[in-house]
Amino acid sequence: KSQDVDPQAINEQMSNLFYTSALNLNKIRYEVNGQDFPFTKRLDNQSFSKEYELGIHILTESQAKDTLRSLSIRYDDLVLLIPDDVLFYKEIRLYLQTETYVRQNGSHGRSAEEIAIVTDKSHQNQSRFERIKRQASELLGKAQMFVAGDDVLTEISEPRMRISFGFQRLIQKAYPNLEMLGEARYDEKDIAKHMQSGKDSLEDLLIQMSAPETEILSFISRNKNDGIRTTLTSLLDTFEKKPNGWSYASILCMVARLYGLAKIEVIFDTKALEEHVFERTIRNSTYHTRIILLPVLDISPNKVKRLKDLYSDTFHKPIHINEAKALATEFSSAVQVKYLELSRYLERIEVFPFLTQLKPVVALLGKLHTKSYDWYYSNLDDFEDELLDMFEHTVDPILGFISGS
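Residues numbered from 1 in each chain as written. Predicted model: local features only at pLDDT ≥ 70, side-chain atom pairs only at ≥ 80, totals over all residues. Heavy atoms only, no water.

Give me the overall build of the chain: which residues, what numbers.
Each helix and strand in the chain was counted, giving 15 helices and twelve strands. Against the globule reference of 22 Å for 405 residues, the chain gives a C-alpha radius of gyration of 34 Å, more extended than a compact globule. Each principal axis of the C-alpha distribution contributes one length, and for the chain these read about 115 × 50 × 40 Å. Sequence-distant contacts in the chain: of pairs separated by 6 or more residues, those separated by 24 or more amount to 64%. When the accessible surface of the chain is summed, it comes to about 21,600 Å², and 48% of that surface belongs to carbon and sulfur atoms. (Helix = DSSP H or I, 4+ residues; strand = E, 2+ residues; numbered from the N terminus. Rg over C-alpha atoms; globule rule 2.2 N^0.38 Å. Contact = heavy atoms within 4.5 Å. Areas by Shrake-Rupley, 256 points an atom, 1.4 Å probe, with all protein chains shown as cover.)

Before we move on, can you summarise the pairing of strand E12 (residues 291-295) with the specific residues and values?
Of all the five residues making up E12, four are buried; the element is thus mostly covered by neighbouring parts of the structure. Of the pairings in the sheet, the one linking strand E9 (residues 230-231) to E12 comprises two bridges and is antiparallel in character. For Thr 230, the partnering residue across the bridge sits in E12 and is Leu 293. Bridge analysis of strand E10 (residues 264-268) against E12 gives five bridges, and the strand direction is antiparallel. Within the sheet, the bridge partner assigned to Glu 265 lies in E12 and is Leu 294. (Buried < 20%, exposed > 50% of the residue type's maximum accessible area, 1.4 Å probe, protein only. Pairing = 2+ DSSP bridges.)

Tell me about the sheet that holds strand E6 (residues 77-81), and name the residues and values.
Spatial strand order, E4-E3-E5-E6-E7-E8: six strands in an open sheet with mixed pairing. Two strands close off the open sheet at either side, each with one partner strand: strand E4 (46-47) and strand E8 (150-152). For strand E7 (residues 144-147) and E8, the ladder comprises three bridges, and the chain directions are antiparallel. Among the inter-strand pairings, Val 147 is bridged to a residue of E8, identified as Asp 150. Relative to strand E3 (residues 40-43), helix H1 (residues 7-23) is tilted by about 130°, and along the sheet it contacts E3, E4 and strand E5 (55-59). The sheet contacts of helix H5 (residues 159-174) involve E5, E6, E7 and E8, and relative to E7 the element is tilted by about 10°. (Axes fitted to C-alpha atoms, helices over the stretch in contact; angles between N-to-C directions.)

Tell me about the sheet that holds strand E11 (residues 271-272), and name the residues and values.
Sheet architecture is open: four strands sit in the order E9-E12-E10-E11, paired in antiparallel fashion. Each edge of the open sheet carries a strand with a single partner, namely E9 and E11.

Residues and numbers for the packing of aromatic side chains, please.
By the definition in use, this model includes 19 aromatic pairs. Taking the centre distance of 6.5 Å and the plane angle of 80° together, the rings of Tyr 30 and Phe 37 count as edge-to-face. A centroid spacing of 5.4 Å and a plane angle of 75° characterise the contact between Phe 331 and Tyr 376, whose relative ring orientation is edge-to-face. Pair noted here: Phe 331 is in helix H12 (residues 324-346) and Tyr 376 is in helix H14 (residues 373-378), with a separation of 45 residues, a long-range link. When sorted by exposure, Phe 331 lands in the same class as Tyr 376, which is buried. By way of ring pairs, the aromatic residues Tyr 311, Phe 315, Phe 331, Trp 375, Tyr 376, Phe 383 and Phe 391 are connected into one cluster. Lying across the ring of Tyr 75, Arg 42 places its NZ or CZ 5.6 Å from the centre. Across from the ring centre of Trp 375, 5.1 Å away, lies the NZ or CZ of Lys 371, which sits over that ring. (Phe/Tyr/Trp six-rings, centres within 6.5 Å; stacked < 30°, edge-to-face > 60°. Lys NZ or Arg CZ within 6 Å of the ring centre and 35° of its normal.)

Describe helix H8 (residues 232-240), naming the residues involved and giving the relevant values.
Note on helix geometry: an α-helix contains 3.6 residues per turn, so any two residues three or four positions apart are oriented the same way. Every buried residue belonging to H8 is among Leu 232, Leu 235, Leu 236 and Phe 239, and all of these are buried. Axial view of H8: buried residues confined to an arc of 95°, hence all on one face. Along its buried surface, H8 packs onto helix H7 (211-225), E9, helix H9 (248-260), helix H10 (275-282) and E12. (Arc of directions from axis to C-beta.)

Run through the nonpolar core, naming residues and quoting values.
Of all hydrophobic cores here, the largest spans 69 residues; its most connected members are Phe 18, Ile 56, Phe 167, Leu 235 and Phe 278. With eight residues, H9 is the single largest residue contributor to this core. Apart from the residues lying within four places of it in its own chain, the contact partners of Phe 278 are Ile 191, Met 195, Val 255, Ala 256, Tyr 259, Val 266 and Leu 273. One finds Ala 328, Val 362, Leu 368 and Phe 383 within the second-largest nonpolar core, a separate group that totals 38 residues. (Core = buried A, V, L, I, M, F, W, Y, C linked by side-chain atoms within 4.5 Å.)

Break down the side chain of His 57 for me, with residues and values.
Residue position: His 57 is located in strand E5. Setting aside anything within four residues of it in sequence, one finds His 57 in contact with Tyr 19, Arg 42, Leu 43, Asp 44, Asn 45, Leu 71, Asp 77, Leu 78, Val 79 and Leu 80.

Can you lay out the environment of Gly 198 for me, pointing to particular residues and giving the numbers?
With respect to the secondary-structure elements, Gly 198 resides in helix H6 (residues 191-200). Since its relative accessible area comes to 0%, Gly 198 is described here as buried. In sequence terms Gly 198 and Asp 120 are 78 residues apart; their C-alpha atoms lie 69 Å from each other. Those residues in contact with Gly 198 that sit more than four places away from it in its chain are Arg 257, Gly 260 and Leu 261.

Which residues make up a negative patch on the surface, and what are the values?
Side chains of Asp 385, Glu 386, Asp 389 and Glu 392 sit close together on the surface and give a patch of like negative charge. Tracing the chain through its elements places Glu 392 in helix H15 (residues 380-402). (Patch = residues over 30% accessible without salt bridge, like charges linked within 9 Å, V, L, I, M, F, W, Y side chains within 5 Å. Salt bridge = Lys/Arg side-chain N within 4 Å of Asp/Glu carboxyl O. Lys, Arg positive; Asp, Glu negative; His and termini not counted. Charge placed at Lys NZ, Arg CZ, Asp CG, Glu CD.)

Here is the structure:
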């Protein structure tokens, strides 16, 4: 009992008892959407873990309720005041004193009787530690709780359930925009599914976007208007933090759907990211600073209709896409297919000399299939009539002849 113990060691032991033995949690799940939130572990105004936006702050000394409410406002913490228990503190101190003494006073040079006494006290100390752990759980089960200046009342006495109940209130207060996600649950493995969902919606007359998707698109557009580059890193930093608190997976899934909806361009190392490598690239966190997000330009409905008609008249098949970028992307793909097809016909000029008439068409298609989506709308006047004329008077008659009887 005369063994010196550092007060800091007592605080560390109390923190270990509450956070490791009693709670044994590093994250708490938000029950509405299954999202996990890590938290800072505090005890008597001292941190005992990595700092996060949310925290749990356990206080062991009695204080006025107004002081505790103020403390819960100053930090985004669930503030807990455990009941006064002088014996609990004394037992922890005695446990550490005994542990230190046993460690420093081994069996060397001691009689059998002395060794037996020390060994017995060591065994008693282990029983004491188990008793203290139970006591820590009981104290947490009775703790008063405060969030954002309000008392959190519940009849739950099981410590993990009680703290989780209070933490739900903290999440809702700290992240008011989290309710935009509703009960939707997101996972990184669903990125491709969300991208396909966007693509599947392109034929809808009215494209529906969720509130969080609209929020992300607005953020990207505002940055573009203000001359600010939106990297995937900056997007994650913004929406993972207050007042949003959206999960990493949810943000990537929404970016994937906006990409599928052709509402955003995704640039990786100065080149437009292609669909077949989209998921793999955005899931690689080392690439996030090199991925730039841009809003798709606002194209007039008249130009969209003209390109749509050009597609149908040139390639003789209907297209139901009404979104500007997706339409241009599909047009580019069709141009490339036709370019490769007609290029193969040019290899047969020796057999059919009239195929030489396809050379100007192949040259035009070669120029068209390598362009960005906005180029088609900006330069529609330059190639629309020429392309239609070439297909009507050259391509269609030749292909009809070759494939005919």
